[in-house]
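Next come the chains, spelled out residue by residue.
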Amino acid sequence: MSVPERRPQDVSLTLATQPLGPGRLPPRPTSLLVRGGLPRALRYVGMPVFLALVCLALYLWVSARELDSIEQRLLNQDVLTELVWDHTKLAAVSTLAVLAIAVPLGVLVTRPFARFLAPPVLAVANIGQAVPSIGLIVLFTLTIGVGFWPAVYALVAYSALPVLRNTMVGLRQVDRSVIDAGRGMGMSKLRTLLRIELPLAVPIILAGVRTALIINVGTAALGTFVNAGGLGDLIVNGLALDRDPVLVTGGVLTTVLALGIDWVAGIAEDVLRPRGL
Amino acid sequence: MSSATAMIRLENLTKRFPGQHENAVDSLNLEISDGEIVILVGPSGCGKTTTLRLINRLIEPTSGRIYLEGEDVTSVNPDRLRRRMGYVIQAVGLFPHLTIADNIATVPNMLRWNRRRISDRVNELIEMVGMDPTVYAKRYPKELSGGQRQRIGVARAIAADPPVILMDEPFSAIDPINRGRLQNEFLQLQTVIRKTIVFVTHDIDEAIKMGDRIAILDQGSTIAQYDSPETILTAPASQFVEDFIGAGASLKRLNLTRVSDVELIEWPVAELSADRGAIREALLRSEKGSVLLLDGERRPQRWVNAIDLEHTGTPVPELGLAAAPAIQAGATLFDALNEMLNSLQGASAVVDSDGVYRGVIEIETIASAIRSMRADARRRYRGEEDGVPTDESTDAALNPMGRS
């Protein structure tokens, strides 16, 4: 069984480029309660129910087995809670860092005076994502040692591209005439950016952030190689010690965590999307 | 110096874009009086939109000065300047993520009006452009039709009551029927708000309809002619203007004159109840080839000529051709000509608003009206070439409406 790593390249490509299509985003009904109707309500409720069922199945399967001492040492509440918490922390901190770096950078390189910076900045971000994530983590470890932060740096370098690119795309797709009208009525450049351009780019930026978050949750499993903790510990130990319950628990929990965070991000996307779009 | 009434004055205004050899706008001088609608019209690429965007400095001029209400605004803070000028563009550019009310409140918000004043103003404006605030204030732009969006665009532009409105092809993207309606509504609105309006279009018909004065622009925003629609139609200053007005110029000109403005022809008439002898007698007394029969209330009924009178089998009221529909005295010469072409007659009876016979208009009358209009306008135009007219500016000065 292989490491349950997501395929971030594929995910980011579809999510990041989807808004470029001719139809743009589908129209959204305005009221949060009624929009989407039944399918959306099912999606909101269905995913957590499904994940709970998966966890329950895992629990029953593990409980039904006779666990040896190694398995007992790894599969208990304290260890699992700590690993899930470490994993979540890795993903959350790295995604917040990506937000703090890539969104301002995306804003900067779409300003007319800094437009020349866009190609080199994109090139660097592309390198960050093109290098295999395990290679990135090792590179950071070689230069700054092991632990939580080197893993975060590697995750940031790895997942900055979708947010950066979506910020740029999101700002560029804002209708010129809307900006023109704002400027023509006497809105300053800063006001136009904050009141018009960024709000209108929010759906696309959020899609990028969601992609980055998913990449980070998946890739954080590699944090185990640099002693950053996380659910990768279970997977690696399970493989190394040939203990199937440990390996399966690690794999399933990583997947459940990734899907759960994606579910939260999906709801955040719907709530934060400006009305009227 | 007429700067007392000049709302906007452009002085040697020049713009050259980087990397271009020609000036996009070349030393333009233009004076726009308070309360008038000035149309900038010209072929594409002539620099009319650039000129408009120079006025609110969305494009910064290379050289020259811009004066607003006598004040040199060439180097004041452009954002503040633009809050003194409404701006309406073809694409409207409503903010899709804001409600109609918030869209309209854009400039008042920047000017830090208090909330109460803003909401009152928003409701007033939505009503002013013919929509219902209780229905539309909380809606989003995508829930409106194209025409409604353009109305809101206009409302947004006049929200903070700026003295000047700049309009860049505001109605071009709207279908012809709604365009006509919006144009009429806007002209109606203008009689109330009395703004100084600079209006860019490529459509000469729109220019003639909307403009108090029209500036026809050639390459580099050079003014080919700057005058009232009447003068431009009747006395184009150059071959370029004539070409731009196009083949329909004579027809367009006919829209500027009413039937009541031209001299009607005395036509031989007879009562519908008269006998054939009396009608023949009337026909012989006149050089015209036919007689117009009127009913008891002097309403035109039939055209009768000598050959018709030979048809002894037909009763008099059914002789010849029907004279209806007659032309109202208030109709334009264009309507009259249209009627004549439809009825295949070289003449048409003219009636007043009660349908009572007033006289007859012939195709020849229309042709000579065109000739004399052209001669008049040419004389007027040449006489005025040095001094800036007109009486519009004094009209506007009497209407210091709407400043706050």
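Residues numbered from 1 in each chain as written. Chains lettered and ligands numbered in written order. Predicted model: local features only at pLDDT ≥ 70, side-chain atom pairs only at ≥ 80, totals over all residues.

> Before we go on, may I ask you to explain the confidence of the model for chain B in this structure?
Low-confidence regions, as indicated by low pLDDT, have predicted coordinates that should not be scrutinised in detail. Residue and element names in this part refer to chain B. On average, chain B scores 85 in pLDDT, and the residues at 70 or more come to 91%. The weakest mean pLDDT in chain B belongs to helix α17 (residues 392-397) at 39; the strongest belongs to helix α3 (residues 100-104) at 96. For residues 385-404, every residue scores under 50 in pLDDT, and the model assigns this stretch 24 contacts once sequence neighbours within four places are set aside. Scored as a complex, the prediction yields pTM 0.71 and ipTM 0.74. (pLDDT = per-residue confidence, 0-100. Helix = DSSP H or I, 4+ residues; strand = E, 2+ residues; numbered from the N terminus. Contact = placed C-beta atoms within 7 Å.)

> Just to check I follow, could you spell out helix α10 (residues 232-240) of chain A for this structure?
Residues three or four positions apart in an α-helix share a direction because the helix packs 3.6 residues into each turn. All names here are of chain A. Here α10 has its buried residues at Gly232, Asp233, Leu234, Ile235 and Gly238. Buried positions along α10 lie against α3 (69-74), α4 (77-110) and α11 (244-272). Positioned one or two residues after α10, Asp242 has a phi angle of 55°, which is positive. (Buried ≥ 20, exposed ≤ 12 C-beta atoms within 10 Å, placed from the backbone.)

> Quick question: what am I supposed to make of helix α5 (residues 115-128) of chain B here?
All names here are of chain B. Counted at 1.5 Å a residue, the expected span for α5 with its 14 residues is 20 Å, and the 20 Å between its end C-alpha atoms agrees. Considered for burial, the residues of α5 that qualify are Ile118, Val122, Leu125 and Ile126. Projected down its long axis, α5 carries its buried residues within an arc of 100°, all on one side. Facing away from the buried side of α5, by more than 90 degrees, are the exposed residues Arg116, Arg117 and Asp120. (Expected span 1.5 Å × (residues − 1). Arc of directions from axis to C-beta.)

> Any chance you could explain the sheet that holds strand β8 (residues 196-201) of chain B here in plain terms?
Neighbouring strands of a sheet are bound in pairs by backbone hydrogen bonds; such pairs are parallel or else antiparallel. All names here are of chain B. If you trace the 6 strands from one edge of the open sheet to the other, you get β6-β7-β8-β3-β9-β10, paired in mixed fashion. Each edge of the open sheet carries a strand with a single partner, namely β6 (85-89) and β10 (222-227). Direction aside, neighbouring strands of the sheet carry axes that sit 15° apart on average. Relative to β10, strand β9 (residues 213-218) is paired through 5 bridges, and the arrangement is antiparallel. Within β10, the residue paired with Ala215 across the bridge is Tyr226. The sheet contacts of helix α1 (residues 48-55) involve β3 (37-41), β7 (164-168), β8 and β9, and relative to β8 the element is tilted by about 150°. Contacts between helix α7 (residues 146-157) and the sheet are confined to β6 and β7, with β6 contributing the most and set at about 165° to the helix. (Pairing = 2+ DSSP bridges. Axes fitted to C-alpha atoms, helices over the stretch in contact; angles between N-to-C directions.)

> Before we go on, may I ask you to explain the sheet that holds strand β11 (residues 269-271) of chain B in this structure?
All names here are of chain B. Strand order in the open sheet formed by 4 strands is β11-β12-β13-β14, and the pairing between neighbours is mixed. Here the strands that pair on one side only, and so sit at the sheet edges, are β11 and β14 (321-322). Across 2 bridges, strand β13 (residues 300-305) lies against β14 in antiparallel orientation. In the strand pairing of β14, Arg302 is matched with Ala322.

> Would you mind showing me how to read the environment of B:Ile158 here?
Residue and element names in this part refer to chain B. Tracing the backbone shows Ile158 in the loop between α7 and β7. Remark: the alpha-carbon pair of Ile158 and Val88, spanning 70 residues in sequence, is separated by 9.5 Å. Not counting chain neighbours up to four residues away, the residues in contact with Ile158 comprise Gly86, Leu125, Ile165, Ile193 and Lys195.

> Even after reading the chapter, I still don't get the environment of B:Asp120, so can you show me in this structure?
Looking at where B:Asp120 falls in the secondary structure, it is placed in helix α5. Along the primary structure B:Asp120 and B:Arg57 are separated by 63 residues, whereas in three dimensions their C-alpha atoms are 30 Å apart.

> So what exactly am I meant to see when it comes to the nonpolar core here?
As a rule of thumb, nonpolar side chains are buried together in soluble globular proteins. Judged by nonpolar contacts, the single largest core of 135 residues is most densely connected at B:Ile39 and B:Val198. If you tally residues by element for this core, the top one is helix α7 (residues 148-172) of chain A, at 14 residues. Each residue touching B:Val198, except ones within four places of it in the same chain, is listed here: B:Ile8, B:Ile32, B:Val38, B:Leu40, B:Leu52, B:Ile55 and B:Leu166. Listed in part, the 30 residues of the second largest apolar core include B:Ile279, B:Leu292, B:Leu333 and B:Ala369. (Core = buried A, V, L, I, M, F, W, Y, C linked by C-beta atoms within 7 Å.)

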